[in-house]
Amino acid sequence: MTNTYIRNAIWAPTGETCDVKIGPGLSSRFDSLGGLTTCDAEVHPAGVLTIPSEAHCTDATGKIVMPALFDLHAKVEVPGRSKRESVSRTGQAAVQGGVWGMLVMPTRGFMFDNYATLDSFHDAVAQRSAAEMIPAGTISMGTEGRQQAPYNTLAARGVSILTDGDNVPDNLLMLHRAMKYAAELNLTFAIRGDVPMLSANTYMHPGTTSYALGLHGTPACAEEIGIEILLRLARDAGARLHIQTVSTARGVESIRRAKAEGQSVTAEVALHHLLYTHENVGDYDTTFKVVPPLREQSDCDALLAGIKDGTIDCIVTDHTPCTPFDKKQDFVSAPQGATALDTFLPALYTHLVKPGKLSWAELVRACCTAPLTIANPRDDESDEAAGIPLLLFDPEPEFEVTADSLVCGTLNNPQIGTTLCGQVSLPL
Amino acid sequence: MKPRKDLLTIGSLSTEDINTILDSATAMKDIFTKSVKKVPALKGKSVLTLFYEPSTRTRSSFEVAAHRLSADVTTFTVSTSSVVKGESVHDTIDTLMSMKMDYIIVRHKHSGIPAVIARHCKAAVINAGDGAHAHPSQAFLDAFTIREKYGTVAGKRVVIIGDILHSRVARSTSCILRRLGAEVAYMGPGPLVPLQQHSGIPRFTNWDQIFDWKPDVIYLLRVQNERMDTPFFPAGDYHQAFGVTEERLARIDDLNLSIMHPGPVNRGVEICDAAMDYRNTLINDQVENGIAARMSILYHLTPQTQQHD
């Protein structure tokens with residue numbers, strides 16, 4: 001098979017102009033990608049490659065070449081659809097949004113607390129998914145927070161991250177023991193900061209909007225205290241900790257302090273927590289009902305600052321499909337969650353990179369290299385990790401996000417009705 | 001007043017709309033003195049009361065109001081168990097639409113439910129209380145009662161005392177009174193008076209501050225224990241700290257202040273027995289005016305079901 005070429009694209013991790021040689025088995029290794037390699041493509045500084053005159057070569061002036069994104073927090077299960085269709089649709093949605101792989105949270109239909117579910121999930125992914133899907137094992141059986149899941153069994157099936165998904169274990173003794181046990185298996189605990197007693201029966205951030213709507217608010221201190229508890233438990237147990245979907249400025253501060261003290265902790269923020277505030281709930285718009293809730297602009301700013309200085313390692317989708325029927329219910333009854341995979345890279349570009357809030361290099365770090373490193377912690381450099389596919393991103397085309405343009409099969413994407421910039425070609 | 005289909009919040013109305021409804025309520029109340037307390041304004045129209053929460057006053061008040069306008073009233077009994085079992089409000093809406101109701105009066109413990117029903121239904125929807133969100137008909141009867149007592153709402157000072165956090169009455173009544181030019185203040189136990197309240201509403205912490213403020217109306221709220229899964233304040237403190245005690249009643253009497261309460265009243269908690277019989281206690285006026293206000297609200301709404309007449 002002959003190779004194809006792309007000329008004069010911008011290599012997102014460095015901003016330099018590059019030429020790309022595309023073909024099976026090709027790869028380049030980049031320190032700027034944390035030592036990760038590209039898959040089926042070589043990236044060279046512009047002008048270095050000798051491009052055969054007969055080769056198919058595309059001029060990509062003004063376009064971006066970058067490693068495809070990896071999402072560290074997605075739910076695959078689409079309520080009301082079969083598991084196989086859920087896998088298929090979510091994979092398509094991911095590819096549409098520039099995402100080639102994701103860490104899949106346990107949900108009711110994909111309860112990764114046993115090898116049989118993991119095996120059948122791996123089979124479904126192999127047969128149906130256009131994107132890589134790595135399951136996160138559960139911390140507790142059924143994510144119910146009582147009995148630890150069989151970590152050895154899960155680790156033997158390739159699990160490297162444990163999480164109870166939307167549930168936060170409130171039995172700290174169980175969690176402490178789980179951390180001590182699993183630390184020896186080189187597993188990472190991915191948990192959201194929360195004190196369930198403080199956040200029970202609450203529906204949004206407490207503020208002017210919640211008061212006007214008569215909805216009980218989730219105090220920010222529930223997350224802040226929760227993060228402190230997790231940090232101290234993990235430090236005591238010697239466990240590696242990943243804090244999920246940070247939403248508060250003080251939460252960022254706690255993580256910053258823990259990192260400065262040398263603790264083995266990473267953290268993520270969901271894209272919606274960077275883009276929206278509690279005021280977006282408006283008149284009970286259930287699309288903006290998420291957990292943790294959307295907070296103040298000052299929190300959005302602190303989260304973005306956390307991304308830029310590396311306190312927050314990753315931006316994730318927290319992709320949570322909900323049926324249109326469920327989201328049409330009243331705000332209290334409607335399930336939490338928003339989808340984001342379909343529009344991930346265009347939304348990141350339109351809202352963060354284009355206005356100058358985030359550089360391409362920061363985006364690559366937060367949405368590709370950091371999440372990959374967290375999902376695949378490698379103990380030795382010789383480990384042959386699979387390469388990252390590259391994508392081509394044309395920032396020029398604008399498109400209106402409509403229900404029809406989404407493939408994930410649900411309509412709870414806050415971008416619906418907005419205009420985004422950028423066209424993703426994945427894989428190259 | 002422009003034709004409008006629903007009444008969900010006070011905030012959705014213009015001041016002109018509010019005054020129109022209050023003016024009509026005065027005319028409606030005149031009917032009560034006639035030997036035949038009925039007018040044919042809604043003859044042939046069907047009114048449904050759909051209460052997902054227990055209610056005595058509001059429901060019967062709406063039913064009497066609808067009867068006095070000659071409407072046909074149906075009571076839809078929603079068993080709380082079916083809600084617990086996950087019954088969707090959308091399924092109920094489908095049922096109601098099949099019944100071709102013209103007016104639906106709805107109460108629900110979840111904020112925002114009447115708006116969901118109104119969006120998907122041609123009937124005129126009246127919010128009879130949704131969670132801690134809004135209770136616009138209560139706001140109208142409160143404003144009407146104050147206007148009737150003092151001749152105007154503008155310039156009056158009303159202090160609302162009690163469980164502000166859970167109170168849809170506090171939200172809607174403070175909204176209508178401020179729109180009509182009154183000043184409103186809040187007092188209650190700290191955890192029950194959220195800091196995120198609407199700006200411009202002073203918050204007092206004791207009765208001395210209230211008396212110093214020189215209010216015209218003391219508006220008491222019920223402590224809604226049914227909405228408190230975990231206690232918000234020491235159970236034994238409320239009456240002494242925030243209630244109208246006999247000593248405070250004497251001061252209220254000296255100052256010739258009025259007392260209002262949306263009911264039902266917890267005697268010995270927010271109000272002492274003697275205050276119920278106090279000459280300026282307007283609680284029974286509120287009940288009577290509630291019928292007039294609700295007649296006026298029904299009269300001024302235009303269901304989409306009528307557009308094809």
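Every value quoted in this text rests on a predicted model; they were computed, and no experiment measured them. (Residues numbered from 1 in each chain as written. Chains lettered and ligands numbered in written order. Predicted model: local features only at pLDDT ≥ 70, side-chain atom pairs only at ≥ 80, totals over all residues.)

### Focus on the sheet that holds strand β3 (residues 103-108) of chain B
Residues and elements named next belong to chain B. The parallel open sheet is built from four strands, whose spatial order is β2-β1-β3-β4. Each edge of the sheet is formed by a strand with only one pairing partner; in this case those strands are β2 (72-77) and β4 (124-130). Here the average twist between neighbouring strands, direction ignored, is 15°. For β3 and β4, the ladder comprises five bridges, and the chain directions are parallel. Counted as the bridge partner of Ile105 is Ile126 from β4. Packing against the sheet, helix α2 (residues 57-68) makes contact with β1 (46-51), β2, β3 and β4, and its axis sits at approximately 180° to β1. (Pairing = 2+ DSSP bridges. Helix = DSSP H or I, 4+ residues; strand = E, 2+ residues; numbered from the N terminus. Axes fitted to C-alpha atoms, helices over the stretch in contact; angles between N-to-C directions. Contact = placed C-beta atoms within 7 Å.)

### Some details on the interface of chain B and chain A
The interface of chain B with chain A comprises 19 residues on the first partner and 16 residues on the second. Breaking the side of chain B that touches chain A down by element, the ones donating at least two residues are α4 (89-98), α5 (113-119) and α7 (168-179) of chain B. Considering each element in turn, the side of chain B that touches chain A owes the most residues, three residues, to α5 of chain B. Class assignment of the residues belonging to the side of chain B that touches chain A gives a composition of seven nonpolar, nine polar and three charged. (Nonpolar A, V, L, I, M, F, W, Y, C, P; charged D, E, K, R; others polar.)

### Things to note about the nonpolar core
Membership of the largest hydrophobic core comes to 224 residues, with the highest contact counts inside it found for Val20, Val65 and Leu348 of chain A together with Tyr103, Ile104 and Phe140 of chain B. Ranked by residue count, the leading element in this core is helix α13 (residues 360-375) of chain A, at nine residues. (Core = buried A, V, L, I, M, F, W, Y, C linked by C-beta atoms within 7 Å. Buried ≥ 20, exposed ≤ 12 C-beta atoms within 10 Å, placed from the backbone.)

### Description of the confidence of the model for chain A
This prediction gives chain A a mean pLDDT of 93; 97% of its residues lie at or above 70. With pLDDT under 50 throughout, residues 379-383 of chain A is counted as low confidence; its partners more than four residues away or in other chains account for one contact. (pLDDT = per-residue confidence, 0-100.)

### Topic: the packing of α2 of chain B against helix α12 (residues 283-300) of chain B
Residues and elements named next belong to chain B. Direction vectors running N to C along α2 and α12 enclose 55°, while the axes themselves pass 8 Å from each other. One way to sum up the angle between α2 and α12 is to call them oblique. Crossing of α2 over α12 shows right-handed handedness. On α12, the residues that touch Arg57, Ser61, Phe62, Val64, Ala65, Ala66 and Arg68 of α2 are Val287, Gly290, Ile291, Arg294, Met295 and Leu298. Residues of the contact of α2 with α12, tallied by class, amount to eight nonpolar, two polar and three charged. (Parallel < 35°, antiparallel > 145°, perpendicular 65-115°, else oblique. Left-handed = near helix turned anticlockwise from the far one by under 90°.)

### Structural notes on the pairing of strand β1 (residues 4-11) of chain A
Residues and elements named next belong to chain A. Across six bridges, β1 lies against strand β2 (residues 16-22) in antiparallel orientation. The residue of β2 that forms the bridge with Ile10 is Thr17. What sits between β1 and β2 in their antiparallel hairpin is a turn of four residues, with Gly15 showing a positive phi close to 85°. As paired elements, β1 and strand β5 (residues 56-59) share four bridges and run parallel to each other. For Arg7, the partnering residue across the bridge sits in β5 and is Asp59. Here two bridges tie β1 to strand β6 (residues 64-67), and the two strands are oriented parallel to one another. Across the sheet, residue Trp11 finds its bridge partner in β6, namely Val65.

### Observations concerning helix α12 (residues 344-353) of chain A
Across the ten residues that make up α12 of chain A, a large majority, nine, are buried. Along α12 of chain A, the residues that are buried comprise Phe344, Leu345, Pro346, Ala347, Leu348, Tyr349, Thr350, Leu352 and Val353 of chain A.

### A word on unusual backbone geometry
Most peptide bonds are trans, and most residues other than glycine sit at a negative phi. Omega for the peptide link from Val291 of chain A to Pro292 of chain A comes to -5°, which places this bond in the cis form. By secondary structure assignment, the location of Pro292 of chain A is in the loop between α9 (271-275) and α10 (297-308). Phi angles above zero are rare outside glycine, and Thr143 of chain A is one such case at about 50°. Take Thr143 of chain A: it is sitting in the loop between β9 (132-135) and α3 (151-156). The phi torsion at Lys214 of chain B lies on the positive side, around 60°, for a residue other than glycine. In this fold, Lys214 of chain B is placed in the loop between α8 (207-213) and β8 (217-220). Of the residues examined, Lys214 of chain B has 9 C-beta atoms within 10 Å and is grouped as exposed.

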